[in-house]
Amino acid sequence: MNPITVFAIAGGAIVLLLMNGSFRNPIKWVGRLAVKVVAGALFLFVLNALGSGIGIHIPINAGTSAVSGLLGIPGIAALYVIKTYILV
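Residues numbered from 1 in each chain as written. Predicted model: local features only at pLDDT ≥ 70, side-chain atom pairs only at ≥ 80, totals over all residues. Heavy atoms only, no water.

As recorded in an unreviewed UniProt entry, the chain goes by Pro-sigmaK processing inhibitor BofA family protein and comes from Metabacillus flavus.

Listed below in structure tokens is the structure:
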């Protein structure tokens with residue numbers, strides 16, 4: 001796709017959102033998502049710090065932070081199972 005077309009579509013979408021008055025809702029949603037991803041990264045950091053003595057280590061990157069932030073404890077358990085048993 002031509003870059004001019006992409007920018008024209010994005011600009012049109014922004015204008016429609018501004019005319020509709022609902023530009024705050026997507027920004028609020030993105031802000032909440034960012035807070036959850038940062039909280040997931042902090043939780044992984046604490047888990048790695050406390051679990052280093054018993055061999056638990058989950059790398060901290062955007063994907064693992066998003067999974068742990070959005071899914072919580074089940075996401076952490078899934079990441080550990082995937083790392084331990086699937087990525088051997």
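Points about the environment of Ile27
Checked against the element boundaries, Ile27 lands in helix H2 (residues 24-51). With relative accessibility at 49%, the residue Ile27 sits in the partly exposed group. Between the alpha carbons of Ile27 and Pro3 there is a distance of 24 Å; along the sequence they are 24 residues apart. (Helix = DSSP H or I, 4+ residues; strand = E, 2+ residues; numbered from the N terminus. Buried < 20%, exposed > 50% of the residue type's maximum accessible area, 1.4 Å probe, protein only.)

Brief notes about the side chain of Thr64
Note that Thr64 resides in helix H3 (residues 62-71). Here the side chain of Thr64 touches Pro59 through a polar contact of 2.8 Å, landing on its backbone oxygen. Contact partners of Thr64, with chain neighbours within four places excluded, come to Leu44, Ile58, Pro59 and Leu79. (Polar contact = N/O pair within 3.5 Å; in protein donor to acceptor, adjacent residues only side chain to side chain. Contact = heavy atoms within 4.5 Å.)

Observations concerning the packing of H3 against helix H4 (residues 73-86)
One way to put it is that H3 packs onto H4 with a least axis distance of 6 Å and a crossing angle of 140°. Each of Thr64, Val67, Ser68 and Leu71 in H3 lies in contact with H4, whose residues at this interface are Ile73, Pro74, Gly75, Ile76 and Leu79. Residues that form the contact of H3 with H4 fall into these classes: six nonpolar, three polar and no charged. (Axes fitted to C-alpha atoms, helices over the stretch in contact; angles between N-to-C directions. Nonpolar A, V, L, I, M, F, W, Y, C, P; charged D, E, K, R; others polar.)

Focus on the UniProt feature "transmembrane region" (unreviewed entry) in the chain
Cross-referencing UniProt, the feature "transmembrane region" (unreviewed entry) maps to residues 6-23, 35-56 and 62-82 in the present numbering. This span, residues 35-56, is 77% helix and 0% strand, and a straight line between its end C-alpha atoms measures 25 Å. (UniProt positions renumbered as here; feature names shortened; annotations may be inferred.)

A few points about H3
Restricting attention to buried positions, one finds in H3 the residues Thr64, Ser65 and Ser68. Mapping the buried residues of H3 onto a view down its axis gives an arc of 100°, with all of them on the same face. Structural note: H3 exposes Ala62 and Leu71 on the side pointing more than 90 degrees away from its buried face. Gly72 sits one or two positions beyond H3 and adopts a positive phi of about 75°. (Arc of directions from axis to C-beta.)

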